[in-house]
Amino acid sequence: MTGRLGTTFAWAFASVAFHRARSVAAVLLVAVATALVACTLGFQAGFERALDRNVEALGYQVLVTGKGCPHEAATLILRGGSIPMYIQDDVYRHVVAQPEVAESTRFLMQSVPGELPGARQLYVGIDDDFLRLKPGVAFQRGEWFSAETAGEAILGFNVAEFRRLNVGDSIELLGRELTVRGVLDKLGTQDDGTVFLPLAVAQDVFEKPDRLTGIGLRLDDLGEAAGLVDRLYDVPSIQVVRMSQVQSAVLGVLRGMRALFLAFAAVCVALALLGVFGAALLALQERRGELGVLRALGCPGGTLFRLAWCESLVLSLLGAVVGILVAIALRGAAESFVRANLSFVPGGPIVETTPAVLLTSVALVVALCLAAAALPAWRSAAAPPATSMRGAG
Amino acid sequence: MSLVAATGLRKDYRQGGDVVAALRDVALAVEEGEFLCVTGPSGSGKSTLLSLLAGLDRPTRGSVTFRGEALETASSGRLAELRRTGMGFVFQDFRLVRHLTARANVRLPLLFAGDGEDRADELLERVGLAARAGHRPHELSRGEMQRVAVARALVHDPAVVFADEPTASLDRANREAVWRLLSELHTERGLTLVVAAHDAEQVPGAARTVRLADGRMVEPLRRGTDG
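Residues numbered from 1 in each chain as written. Chains lettered and ligands numbered in written order. Predicted model: local features only at pLDDT ≥ 70, side-chain atom pairs only at ≥ 80, totals over all residues.

### Considerations on the overall build of chain A
Logical step 1: Each helix and strand in chain A was counted, giving 14 helices and twelve strands.
Logical step 2: The proportion of buried residues among the 393 residues of chain A is 45%.
Logical step 3: A fraction of 83% describes how many contacts in chain A between residues 6 or more apart in sequence connect residues 24 or more apart. (Helix = DSSP H or I, 4+ residues; strand = E, 2+ residues; numbered from the N terminus. Buried ≥ 20, exposed ≤ 12 C-beta atoms within 10 Å, placed from the backbone. Contact = placed C-beta atoms within 7 Å.)

Printed below as a string of structure tokens:
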């Protein structure tokens, strides 16, 4: 049995190698389809996980911001940028006095033109409670600010890497010189591209005294969030949003995008199926005489079907393997494409080419290709040998 | 009981809207160990007759038996089984599998049978191609390809070999070599041979010749090699 299976595969490989042009065309079509399916599935899984990771990295479950659209504010905070809505510092004392609040942190977020054309550098003023809400944050080197008003900065990992800055170096911000006090470990979130300042220093440099962009709250019991939100709703000039609502809203938008991506991937898969179907038809038409001879020599119908089908299996497997390599190689390009075309994209990798994603893509494409090749294989196995040989000339 | 027998054999083909009779009322019996030559001009039905006798095609009417078993009613699976256990084939245009070596081509019937002694190398040596066993068909001459086909027809030790104009596309020297080979194998192994040829003069060693014209057997069965 193993010997026959080995022979069947050996035949298929030999035939694929012998008919090079046809095989290469079919393999390329399958490869493109596999790569697109892998990127689409990888995007689906990666975006959600990246969003979870970014929201989790914020460290709070409830966000208090100035009046405006709460979801817009939340996504801006996730993405990073200047939000022209502020709350007064004294509101903070009222908010944190609520009984449901376990931990809280205040921040002021601003962005200024960065070193690269069109790029902006994000600055966030933070208070001493920042680290308590972010247990995952660790220093790669250096340490926390020496004082609440110290002219110091803590750099996200990517900022330090990109600008080649180290602890003790100086950076300039709106005419103010700041000393690098620490560099954070890589987090895979927006924080990697952020420069953190003491809150008071940020309020001073950006001329926003006693102003905050937001207050992050961690509650003792998330089940009590509704009561807190209702109560804070009565406070003028602020709005409250749960981060889980933001996630749902972002994922709702993503679902529409995902449908578009899936439709695009489906078109590519359909093209690949047509390619494999066409290649199988072409191969079997070309080999019609050969298959007729095999039938004449007594080849059982099942064996003939396997021989014909196995060639499609080899083509689709080869195509899928190439497609996986293409997907891995083009992951960065796919990420850039998504980032360029979506208004909100969370930090960190958003197209995941995990083994599960790759294997699912391969299984899907190969299964569909085999289904497409089954009919031509069955027809070639069922034709009388004299008819096949006569037809093939 | 004859090894292969046909009675009232008719085969029609459709050509456009017309029905063309390729064979009409043919009766024939092939005995074990016989060397039979079927002759006739192009289009006389020689190839069709061999196809029906070998179960490669089904008659429109009439009956064909192999070792007493009716082929016209046998399933395609049973026909394939009969071919792989009891019949060998040599075709006019060799019909070798292009991506397989000469040795792999010769082994094909053994592969389908799933058992049997691997005599591929022995037969390749017998047909004078031991040194060419690892070559693919496009690396062989036409005469060599046909000798590979002869070896393939014999490798599973069949009861009968059908050869449809096996020398039609060969030059004179190769033609003579192939006929000599088939004739020797018939004598050496007591092989039953049914060959189709344009002209009986080309087939040395055939003990009996039947002639077809326009799908009918036009001459009674004759013994000898007098054409």
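### Quick word on the overall build of chain B
Logical step 1: Looking only at helices and strands, chain B features six helices and eleven strands.
Logical step 2: By the burial criterion, 50% of the 227 residues in chain B qualify as buried.
Logical step 3: Counted over contacts in chain B with a minimum sequence separation of 6, partners at least 24 positions apart contribute 68%.

### A short note on the interface of chain A and chain B
Logical step 1: In this assembly, 19 residues from chain A lie in contact with 19 residues from chain B.
Logical step 2: Going through the elements one at a time, α1 (2-18), α10 (288-296), α11 (301-329) and α14 (385-392) of chain A are the ones with two or more residues in the side of chain A that touches chain B.
Logical step 3: Per-element accounting of the side of chain A that touches chain B gives the leading share, six residues, to α10 of chain A.
Logical step 4: Among the residues making up the side of chain A that touches chain B, the classes are represented as eleven nonpolar, six polar and two charged. (Nonpolar A, V, L, I, M, F, W, Y, C, P; charged D, E, K, R; others polar.)

### What to know about the sheet that holds strand β4 (residues 61-66) of chain B
Residue and element names in this part refer to chain B.
Logical step 1: Spatially, the four strands line up as an open sheet ordered β2-β1-β4-β5, and their pairing is antiparallel. Of all the strands in the sheet, the pair left with one neighbour each is β2 (18-30) and β5 (69-70).
Logical step 2: Both strand β1 (residues 4-15) and β4 contribute to a ladder of five bridges, which runs antiparallel. By the bridge assignment for β4, A6 is matched with V64.
Logical step 3: Here helix α1 (residues 46-53) sits on the sheet in contact with β1, β2 and β4, set at roughly 120° to β1. (Pairing = 2+ DSSP bridges. Axes fitted to C-alpha atoms, helices over the stretch in contact; angles between N-to-C directions.)

### Details of the nonpolar core
Logical step 1: Ranked by internal contacts, the top residues of the largest apolar core, which has 174 residues, are V30 and V365 of chain A together with L53, F162 and V194 of chain B.
Logical step 2: The greatest single-element share of this core, amounting to 19 residues, is contributed by helix α2 (residues 20-58) of chain A.
Logical step 3: Once you skip the residues sitting within four places of it in the chain, V194 of chain B turns out to touch V30, L36, V38, L50, L53, V160 and F162 of chain B. (Core = buried A, V, L, I, M, F, W, Y, C linked by C-beta atoms within 7 Å.)

### Notes on the environment of C299 of chain A
Logical step 1: Its place among the elements puts C299 of chain A in the loop between α10 and α11.
Logical step 2: Discounting chain neighbours no more than four positions away, the residues touching C299 of chain A are L294 and L304 of chain A together with A80 and F112 of chain B.

### Quick look at the packing of helix α5 (residues 142-154) of chain B against helix α6 (residues 172-189) of chain B
Residue and element names in this part refer to chain B.
Logical step 1: Between α5 and α6, the least distance of the axes is 10 Å, while the angle of their chain directions is 15°. In this view, α5 runs roughly parallel relative to α6, as classed from their interaxial angle. For the element pair α5 and α6, the recorded crossing hand is right-handed. Packed against α5, whose contacting residues are R142, G143, Q146, R147, V150 and L154, the element α6 presents N174, A177, V178, L181, L182 and L185 at the interface.
Logical step 2: For the contact of α5 with α6, the class distribution of residues is seven nonpolar, three polar and two charged. (Parallel < 35°, antiparallel > 145°, perpendicular 65-115°, else oblique. Left-handed = near helix turned anticlockwise from the far one by under 90°.)

### Quick notes on the confidence of the model for chain B
Residue and element names in this part refer to chain B.
Logical step 1: For chain B, the mean per-residue pLDDT works out to 88, and 95% of the residues sit at or above 70.
Logical step 2: Per-residue pLDDT, averaged within each element of chain B, yields its smallest value for strand β11 (residues 222-223) (50) and its largest for β4 (96).
Logical step 3: This prediction of the complex comes with two scores: 0.62 for pTM and 0.88 for ipTM. (pLDDT = per-residue confidence, 0-100.)

### Concerning the pairing of strand β12 (residues 238-242) of chain A
Moving residue by residue along a regular strand, the side chains alternate between the two faces of the sheet.
Residues and elements named next belong to chain A.
Logical step 1: Within β12, five of the five residues are buried, which leaves it mostly tucked inside the rest of the structure.
Logical step 2: Residues of β12 alternate between two faces, with I238, V240 and R242 on one and Q239 and V241 on the opposite face, all of them buried.
Logical step 3: Pairing analysis gives five bridges linking strand β1 (residues 62-66) to β12, with the strands arranged antiparallel. Pairing of L63 across the sheet is with V241, part of β12.

### Topic: the pairing of β1 of chain A
Residue and element names in this part refer to chain A.
Logical step 1: Buried residues dominate β1, accounting for five of its five residues.
Logical step 2: With four bridges connecting them, β1 and strand β11 (residues 214-219) associate as antiparallel partners. Counted as the bridge partner of V62 is L217 from β11.

### Regarding the packing of α2 of chain A against helix α13 (residues 355-382) of chain A
Residues and elements named next belong to chain A.
Logical step 1: Look at α2 against α13: their axes get within 9 Å of each other, and the N-to-C directions meet at 140°. Considered as vectors, α2 and α13 are oriented oblique to each other. You can see that α2 and α13 cross each other, and the crossing is right-handed. Here α2 contributes V30, A33, T34, V37, A38, L41, G42 and A45 to the contact with α13, which in turn contributes V357, L358, T360, S361, V362, L364, V365 and C369.

### Quick look at unusual backbone geometry
All names here are of chain B.
Logical step 1: Even without glycine at this site, R67 takes up a positive phi of about 50°.
Logical step 2: With respect to the helices, strands and loops of the structure, R67 is situated in the loop between β4 and β5.
Logical step 3: Residue R67 is classed as partly exposed on the basis of its C-beta count, with 14 C-beta atoms lying within 10 Å.
Logical step 4: Although it is not a glycine, F94 adopts a positive phi angle of roughly 70°.

### Focus on the environment of L282 of chain A
Logical step 1: Here L282 of chain A is to be found in helix α9 (residues 243-286).
Logical step 2: Remark: the alpha-carbon pair of L282 of chain A and R22 of chain A, spanning 260 residues in sequence, is separated by 8.4 Å.

### Regarding α10 of chain A
Residue and element names in this part refer to chain A.
Logical step 1: With eight of nine residues buried, α10 is to be regarded as a mostly interior element.
Logical step 2: Looking at α10, one finds that the buried residues are R288, E290, L291, G292, V293, L294, R295 and A296.
Logical step 3: At the exit of α10 stands G298, carrying a positive phi of roughly 100°.

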